[in-house]
Amino acid sequence: MNVNQQAHMTSPYRQPQPTLQGYAQPGYGGPPTQYTPYNSPNPGYQQGPAPAGYSPYSSLSSKAFPATLASDLSCNSSSPLDLGPVRPTPNSVGPPMSAPQGYSQFTQGDVQNGPPTMSSQPHRPPVSQSYLPGSQPAYQQYGVPPTNMQQMTNQMSGMHVSGPPPAVSGYAPHSSNSQTSVSFSGTPSFPPHSVSSQQNSPAASLTHGQPPSQSPFPGAPPPVSQPQYSSVPPASSQPHYPGAQPPPASQGQFPVGPPSPSQASPFHTPLSNFVPHAGPGVQPVQAPPHSQYLSGPPLPRQPMQGPPLSQQNHVAPGMQRLPGQAAPPGQGQGVQPQQNGAFGQMSRPQPGYGGSYPGPQNYGAQPPPPAAPPQKRLDPDSIPSPQVSELPAVQKTRHRIDPDAIPSPIQVIEDDQANRSSEPFTTEVRGQAPPLVTTNFQVKDQGNASPSYIRCTAYNFPCTSDMAKQSQVPLAAVIKPLATLPLDEAPPYIVDHGESGPIRCNRCKAYMCPFMQFIEGGRRFQCGFCSCVTEVPPHYFQHLDHTGKRVDCYDRPELSMGTCEFTATVDYCKNNKIPQPPAFIFLIDVSYNAVKSGLVDLICAELKTLLDYLPRESSEEDSCIRVGFVTYNKVLHFYNVKSSLAQPQMMVVSDVADMFVPLLDGFLVDVNESRAVINSLLDQIPEMFADTRETETVFAPVIQAGLEALKAADCAGKLFIFHSSLPIAEAPGKLKNREDKKLVGTDKEKTLFQPQTSFFGNLAKECVAQGCCVDLFLFPNQYVDVATLGVVPSQTGGSVYKYTYFQVPSDGDRFLNDLRRDVQKQVGFDAVMRVRTSTGIRATDFFGAFYMSNTTDVELAGLDCDKAVTVEFRHDDKLSEESGALMQCAVLYTSCSGQRRLRVHNLSVNCCTQLADLYRNCDTDTLINFFAKYACRSILSSPTKTVRDTLINQSAHILSCYRKNCASPSSAGQLILPECMKLLPVYLNCVLKSDMLQPSADISLDDRAYLRQLVTSMDVAESHVFFYPRLLPLQKLDVEGDSLPTAVRASEERLSKGGLYLLENGLHLFLWVGANVQQELLQSVFNTPSFGQIDPSMTNLPVLNNPYSQRLRAIIESFRVQRPRYMKLMVVKQDDKLELIFKHFLVEDKSASGGASYVDFLCHMHKEIRQLLS
């Protein structure tokens, strides 16, 4: 989602919703054309024609979703989730529609437009439509309804409720097997669910009672004289029409009421007219005396129409209903559907989320007049919630998926923070899984590297390759070699062994570490990686104690700590020569666009002060880094800033086809020596080019110029390139505009992520050989082909920063903060990284921003403290439970002072022969990081749909293997997740519907290429918040303490109209303001008491002298400090057009681009798992 775009570019609210690519659509029909899709919680609903191309269903892949839905996910919050047995596909078909249908119907992957044929799968009434009382939708009958208790019992077989109520709000209970059971089966012996609701609340689920005249047990069909459908709406302002007739056939038998704003889910089926069987110990549910609900099952041989149904928890066939679906006729209009996307009520409060939230107005049965003015959404906080005892008995139980009954990321994060943040995490235990990446904890290095440096997908590796293939859990580590540690942790010790250099194994060349075993009284050591025995050099000899450890073990960091740093000797230097201190070269675009936007002025003014903060060693007063300056448009201008000059000198190189550096002495200088000349140059550059009319630029020659300068100075370094447009001037690396949105979603889409030419790949190779890292700052107003321009930065270990439609007032702070951090952060040059492992596994695949000339060495021209490399391991032999598996990451680099260093990280993990042990020690956040980087690379060679399907299939295999081999025996309808992977579905869904893999209509190809390059080098903490943003309710802010309010789940139904919310994802920062926020709060934050007077264009909050403003600004600043990139604040007012961008980051909801909601995707994953199990 491009948050830099102007407000008028955002999509309108009533735009057609694209279907979800990659999921097959079951054979459902659509609503009739006379009903407009419902896209906002507006009771003033107006009828009208449906927009062309609109489909209320997201399409699901035919492989994953047959037209016959195998099961349906629904649960009572007090029971585990269960998905009932498979029902056969019905044979009867629905009557043809007389009105033409503008909706797609997908049957087994084939697209059919127009009305379904008589031979096609029966279509369903749309679950997003309300039903008119008295209207008679056609349901499909599956055989003769049960006429006795035995038949009903048979129909209910497989429906079983297991497990105690959840101990913690938000997810299913823990079992002895550390598994999360989401159950949907069984005898309906469930306690009434405590739901704070009222008749106008959309969250209240309809329960299925009988009219007083009918036996509570459906042992026989109702008398023929009984009316087939009757309904009494609640006492409300809506008139009741007891004699309402069914709509004429030309209307397609669809109701007239407004549909739910949540679009229909292919995972759910509408309710039919069966009455649930009351199991042992459950009292029959009687309808309240004033309300008449169901009239019983239909008579035999009555024609019915509907989709293939499956059984839900305690619901006889045909009684399932979606959240967001209105009650069918005869089921009473008094209880409203859950409004996904309005502000629906939750069944139980989440941490940090107080109270229940009734939702929009009761829609009733009669359509409002066409000219009714739009009404505002009801504020969830303004409606008092009745006590449970005030509700009719039928409203106390739920027959839908309760979002609070499925695993909650917030609950898991809060539990881990509560349980594991108080004690330091000590690393002496092999294979110990660290706290979550979201938990604040202190690390004590006692033999294994800190999780800040290395995190693994699993801390218990399978002993054999067969076991690894069976589970399909990727065995990978995310390594961040130069990570910045918290202030309360000491940086790695630097060990200097003198001219002899670090002690190493003779065979595998592993460096001395805690895994080496000293033998023969300390005269030799046995390598923990290859078992080779090596002589200890005389100067390193030390005696052993009675346990076999060296007596100086705890005096030597390399023997007692998981991470240490060695000073390297000349043997580790290129050409056996001590390197020169590195250089920074600033290359500034001075074409028309850059000058007129104010960018050139801004850069030159900032560099005057920024040059005082170049990176340096902690022991040094001044930085050793030298600097140089180049400006360019179609030609390049080099500047001599030698300290002996009175004024800087400019030299122009117009022959860009054969780039060279016109001066050697005076180009790269010491800042302190040439301060006056540099300041004079930075003052003159904006004046020199103020009247330029040159619009064309070059790009490849700019990199070549910096590379040649570093070669001439015989040093490594970094180029900071500030570039504004597509390089179309005649020069090497000239590009053309190839943006073609028609290719999106096709097999040729992958070409858009590939570079236009191989020129930049070859240039990157040259840069890596010299140790020339490139950081690119882009300021485009149109397409610039980030996929091609970003090749050199991504292969040299550099970064790309992008500021679309750059304007100094709104984007200047973001750019300057990014530039300051980029210049000042810790960085190593000319780096080589190698990962060694113990016998049995080896590193086979690498993901990140680097270059590889062979299969083992990761080469990085620059390696900074934000870059992470993900490494995948595979078996090449059997592992042993006794010895475990070891890995050592060694990085050789040049420090900013020109010193050659070796940083070594060591980690040991356990090995197991039981799958249950593997699943007990996985890290879902690291797993998602691996999947995301795998997807980033795969979209270069495969269609995005194929990539999404691959990720879904692998995740389904992982979970089905656990279900089959580790979980307790239970009904086939249960969804059982491993305890440490219970968030895998929600996080995977966030990856699948990210802009990288499933873009919305208004995201550009450049933005997608930019995100792809960003994700490629993210560490686990960054990828976690990027895919599942943090959402804080600020109305609960404690201005006195230091603690943050508990986050809420990223879903619109968690927002209160009277609330203020802060959302961050590592790139963007949103402050969402509800329409009913108290005046005092608005005054404290925005210095205005009126919601209407808030300026949505502000990017920083006003500095006010009150505790609330000071605390809020401190929180925003702390968020910005935590992240590698500065997050610009966007103020989003409720119902403002910018709200569409904000909602894009509410990742548990269905996305505008067709991405499934969390609940829907969980159902989809369960169906995939059941298919694999069957």
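Residues numbered from 1 in each chain as written. Predicted model: local features only at pLDDT ≥ 70, side-chain atom pairs only at ≥ 80, totals over all residues. Heavy atoms only, no water.

Participant: Where do I start with the overall build of the protein chain in this structure?
Facilitator: Helices and strands together make up the secondary structure of the protein chain, namely 22 helices and 32 strands. The burial tally for the protein chain puts 63% of its 1174 residues in the buried class. Taking as baseline every contact in the protein chain between residues at least 6 positions apart, the subset at least 24 positions apart corresponds to 78%. Summed over its atoms, the accessible surface of the protein chain is roughly 41500 Å², and 51% of this surface lies on carbon and sulfur atoms. (Helix = DSSP H or I, 4+ residues; strand = E, 2+ residues; numbered from the N terminus. Buried < 20%, exposed > 50% of the residue type's maximum accessible area, 1.4 Å probe, protein only. Contact = heavy atoms within 4.5 Å. Areas by Shrake-Rupley, 256 points an atom, 1.4 Å probe, with all protein chains shown as cover.)

Participant: Got a minute to help me understand the sheet that holds strand E8 (residues 476–479) in this structure?
Facilitator: The antiparallel open sheet is built from four strands, whose spatial order is E6-E8-E25-E23. Of all the strands in the sheet, just strand E6 (454–456) and strand E23 (841–847) have a single pairing partner and so form its edges. The sheet shows a mean angle of 25 degrees between the axes of neighbouring strands, direction not considered. Of the pairings in the sheet, the one linking E23 to strand E25 (residues 869–875) comprises six bridges and is antiparallel in character. (Pairing = 2+ DSSP bridges. Axes fitted to C-alpha atoms, helices over the stretch in contact; angles between N-to-C directions.)

Participant: Would you mind going over helix H22 (residues 1158–1173) with me for this structure?
Facilitator: Residue pairs spaced three or four apart in an α-helix point in one direction, given the helix's 3.6 residues per turn. Here H22 is 16 residues long and its end C-alpha atoms lie 22 Å apart, about the 22 Å a rise of 1.5 Å per residue gives. Of all 16 residues making up H22, 13 are buried, and the element is well covered by its neighbours. (Expected span 1.5 Å × (residues − 1).)

Participant: What is the right way to look at the packing of aromatic side chains in this model?
Facilitator: Two measures describe an aromatic ring pair: the distance that separates the ring centres and the angle between the ring planes. Evaluated as defined, the whole model comprises 31 aromatic pairs. Considering the side-chain rings of phenylalanine 461 and phenylalanine 873, the 6.3 Å spacing of their centres and the 50 degrees angle between planes classify their relative orientation as tilted. Of the two residues, phenylalanine 461 is situated in strand E7 (residues 460–462) and phenylalanine 873 in strand E25; the sequence distance between them amounts to 412 residues. Taken as a pair, phenylalanine 461 and phenylalanine 873 share a single burial class, namely buried. Measuring from ring centre to ring centre gives 5.5 Å for phenylalanine 847 and phenylalanine 930, while their planes differ by 80 degrees; the resulting arrangement is edge-to-face. Here phenylalanine 930 lies in helix H14 (residues 924–938) and phenylalanine 847 lies in strand E23, a separation of 83 residues in the sequence. Residue class for phenylalanine 847 comes out buried when judged on its relative accessible area of 3%. (Phe/Tyr/Trp six-rings, centres within 6.5 Å; stacked < 30°, edge-to-face > 60°.)

Participant: Is there a simple way to explain the sheet that holds strand E30 (residues 1060–1064) in this structure?
Facilitator: Sheet strands line up and pair through hydrogen bonds in the backbone, either parallel or antiparallel. Taking strand neighbours across the sheet as the criterion, the four strands line up as E29-E30-E31-E32 in an open arrangement whose pairing is mixed. At either end of the open sheet lies a strand with only one pairing partner, and these are strand E29 (1030–1033) and strand E32 (1128–1133). Neighbouring strand axes in the sheet, compared pairwise and without regard to direction, differ in orientation by 20 degrees on average. For E30 and strand E31 (residues 1068–1073), the ladder comprises five bridges, and the chain directions are antiparallel. Note on E31: the bridge partner recorded for leucine 1062 is leucine 1071. Here helix H19 (residues 1079–1086) sits on the sheet in contact with E30, E31 and E32, set at roughly 145 degrees to E31.

Participant: How should the environment of alanine 1075 be read in this particular structure?
Facilitator: Summarising the element assignment, alanine 1075 is placed in the loop between E31 and H19. Distance in space between the C-alpha atoms of alanine 1075 and lysine 1057 is 5.7 Å, their sequence separation being 18 residues.

Participant: Would you explain the side chain of serine 680 in this entry?
Facilitator: Mapping serine 680 onto the fold places it in helix H7 (residues 675–688). Take serine 680: its relative accessible area is 15%, and that puts it in the buried class. In contact with serine 680, other than residues within four places in its own chain, are Gln647 and Pro648.

Participant: Please explain the environment of glutamine 782 as it appears in this structure.
Facilitator: Its place among the elements puts glutamine 782 in the loop between strand E20 (772–778) and helix H10 (786–789). The exposure class assigned to glutamine 782 is exposed, which follows from its relative accessible area of 62%. With 222 residues separating them along the chain, glutamine 782 and serine 1004 place their C-alpha atoms 9.4 Å apart.

Participant: Is there a simple way to think about the confidence of the model for the protein chain in this case?
Facilitator: Fine structural detail should not be taken from predicted coordinates in areas where pLDDT scores are low. Scored by pLDDT, the protein chain has a mean of 75; 66% of the residues are at 70 or more. Low pLDDT, under 50, characterises residues 5–147; the predicted model gives this stretch 504 contacts beyond four residues in sequence or across chains. Confidence over residues 151–177 falls short of pLDDT 50; this stretch has 93 contacts with residues more than four positions distant or in other chains. (pLDDT = per-residue confidence, 0-100.)

Participant: What's the story with H19 in this structure? I'm lost.
Facilitator: Along H19, the residues classified as buried are Leu1081, Leu1082, Val1085 and Phe1086. On an axial view of H19, the arc spanned by its buried residues comes to 100 degrees, and they lie on one face. Turned more than 90 degrees from where H19 packs its buried face, Gln1079 and Glu1080 sit exposed. Buried residues belonging to H19 abut E30, E31, helix H20 (1107–1122) and E32. (Arc of directions from axis to C-beta.)

Participant: What exactly am I supposed to notice about the pattern of salt bridges here?
Facilitator: A side chain of one charge can pair with a side chain of the opposite charge when the charged atoms of the two come close. Summed over the entire model, instances satisfying the criterion amount to 45 salt bridges. Across the pair glutamate 730 and lysine 734 runs a salt bridge, and its minimum N-O distance is 2.6 Å. Assessed through its relative accessible area of 61%, glutamate 730 is described here as exposed. Among the salt bridges present, the one from glutamate 1064 reaches arginine 1123, with a minimum N-O distance of 2.9 Å. Of this pair, glutamate 1064 sits in strand E30 while arginine 1123 sits in the loop between H20 and E32; the two residues are 59 residues apart in sequence, bridging distant segments of the chain. (Salt bridge = Lys/Arg side-chain N within 4 Å of Asp/Glu carboxyl O.)

Participant: Explain the nonpolar core to me, please; I cannot follow it from the model alone.
Facilitator: Generally speaking, nonpolar side chains in soluble globular proteins are found buried as a group. With 175 residues, the main nonpolar core has Phe461, Phe638, Ile721 and Phe1086 as its most contacted residues. Examining the composition of this core, we find that eight residues originate from one element, helix H15 (residues 944–965), more than from any other. (Core = buried A, V, L, I, M, F, W, Y, C linked by side-chain atoms within 4.5 Å.)

Participant: Is there a simple way to think about the packing of helix H6 (residues 599–610) against H7 in this case?
Facilitator: For any two helices packed against each other, one specifies the inter-axial angle together with the distance between the axes. Contact pair H6 / H7: the axes reach a minimum separation of 8 Å and the direction vectors enclose 165 degrees. Taken together, H6 and H7 sit at an angle that is classed as roughly antiparallel. Remark: the crossing between H6 and H7 carries left-handed chirality. For the pair formed by H6 and H7, the contact residues are Val600, Asp601, Cys604, Leu607 and Lys608 on the first element and Arg675, Asn679, Leu682, Asp683, Ile685 and Pro686 on the second. (Parallel < 35°, antiparallel > 145°, perpendicular 65-115°, else oblique. Left-handed = near helix turned anticlockwise from the far one by under 90°.)

Participant: What is the right way to read the pairing of E31 from this model?
Facilitator: Two faces, one strand: in a regular strand the side chains alternate between the faces of the sheet. Within E31, six of the six residues are buried, which leaves it mostly tucked inside the rest of the structure. Burial of E31 is two-sided: the residues His1068, Phe1070 and Trp1072 facing one way and the residues Leu1069, Leu1071 and Val1073 facing the other way are all buried.

Participant: Where do I start with the side chain of threonine 788 in this structure?
Facilitator: You can see threonine 788 is positioned in helix H10. Of note is the side chain of threonine 788, whose polar atom sits 2.9 Å from the backbone nitrogen of glutamine 756. (Polar contact = N/O pair within 3.5 Å; in protein donor to acceptor, adjacent residues only side chain to side chain.)

Participant: Help me out: how do you make sense of the environment of glycine 733 in this one?
Facilitator: Examined against the element boundaries, glycine 733 turns out to sit in the loop between strand E19 (717–723) and helix H9 (759–770). Note: C-alpha distance between glycine 733 and phenylalanine 699 (34 residues apart in sequence) is 7.1 Å. Once you skip the residues sitting within four places of it in the chain, glycine 733 turns out to touch Ala700, Pro727, Phe759 and Phe760.

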